[in-house]
Amino acid sequence: TIASDGTITAIQGLVCSSTLNVNNLATFSKSGSAIRLNDNSILRLGNDDSDFFLYHDGNTIDYISAGASRQLRLTTDDFIIKGASNTETLMTATKDGNVVLYHNNTGRLNTDSTGITVTNRITGGGDSNTYINVGPNDIIDLYTGGTNLVRMNANGNIGINNNNPQNKLLVT
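Below is a short write-up of the structure.

Procedures and definitions
- Residue numbers here run from 1 along each chain, matching the order of that chain's written sequence.
- Reporting in this predicted model follows two pLDDT cut-offs: at least 70 for local features of residues, and 80 or more for side-chain atom pairs to be given and counted; totals over whole chains, interfaces and linings ignore these cut-offs and use all residues.
- For the side-chain quantities, the full set of heavy atoms in the structure was used; hydrogens and water were omitted.
- The aromatic pairing rule takes the rings of Phe, Tyr and Trp, using the six-membered ring of Trp, and pairs them if the centres are within 6.5 Å, calling planes under 30 degrees apart stacked, those over 60 edge-to-face and the rest tilted.
- Partly exposed residues are those whose accessible area sits between 20% and 50% of the maximum for their type, while under 20% is buried and over 50% is exposed, using a 1.4 Å probe and protein chains only.
- Secondary structure follows DSSP: runs of H or I at least 4 residues long count as helices, runs of E at least 2 residues long count as strands, and numbering of each begins at the N terminus.
- Look at NZ for Lys and CZ for Arg. If either is within 6 Å of the ring centre and within 35 degrees of the ring normal, a charge sits over the ring.
- By definition, two strands form a pair when at least two bridges between them are found by DSSP.
- Between N-to-C directions, angles cover 0 to 180 degrees, with each direction set by a line fitted to C-alpha atoms, over the stretch in contact for helices.
- Whether two residues touch is decided by their heavy atoms; if any such pair falls within 4.5 Å, the residues are in contact.

The subject of this paragraph is the packing of aromatic side chains. Within this structure, the stated rule accounts for 2 aromatic pairs. Their ring planes at 35 degrees and their centres at 5.4 Å tell us that Tyr55 and Tyr63 sit as a pair that is tilted. On the basis of relative accessibility, which here comes to 40%, the residue Tyr63 falls in the partly exposed class. Measuring from ring centre to ring centre gives 4.6 Å for Tyr131 and Tyr143, while their planes differ by 15 degrees; the resulting arrangement is stacked. Of this pair, Tyr131 sits in strand 13 (residues 131-135) while Tyr143 sits in strand 14 (residues 139-144), and the two are 12 residues apart along the sequence. Residue class for Tyr143 comes out buried when judged on its relative accessible area of 19%. Here Arg121 stacks its cationic end above the ring of Tyr131, 3.6 Å away from the centre of that ring.

Looking now at the sheet that holds strand 13. Within the open sheet, the 6 strands sit side by side as 12-13-14-15-16-17. Their pairing is mixed. Bordering the open sheet on either side are strand 12 (120-123) and strand 17 (169-171), each of which pairs with just one other strand. Strand-to-strand, the axes of this sheet are offset by a mean angle of 20 degrees, without reference to chain direction.

Counting through the fold element by element, Asn153 comes out in the loop between strand 15 (147-152) and strand 16 (158-160). Ignoring anything within four residues of it in the chain, the contact list for Asn153 reads Asp138, Ile139 and Pro165.

What follows is the structure in structure tokens.
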């Protein structure tokens, strides 16, 4: 269909043998069965500018937006977020199972039916040398200023300024 200004508004039964370019914004490519949008183009679903969209800025930022005051739902029973190279796991979530946050491909925070498990230390307030370390052999250490000031061992013995307490409370 051709409008009065000469613009093609519809083509019924269009068959394209390789590539169809639409106003230099989108390319429909037969090879690879892909719809390609040029950089800085937005793929929008819905009737309003605030509806869902996908956007690539042509450089380093990609956006998925459900719009203001809307929900974005990803539905699956086994959810995995990987780094761009697909070699490093960032997060996993399993239906009726664990949610795990990773650092450097190692699970660090794990939720399960009993609560959470933190691998190694818990640091808060931006002070990197003050933390709680849950170590092997049922030992809990409290550090401040990078120094182990309090230790509780598997026997329930607590040492202050002593990392091998032999009594219920040992202060040195």
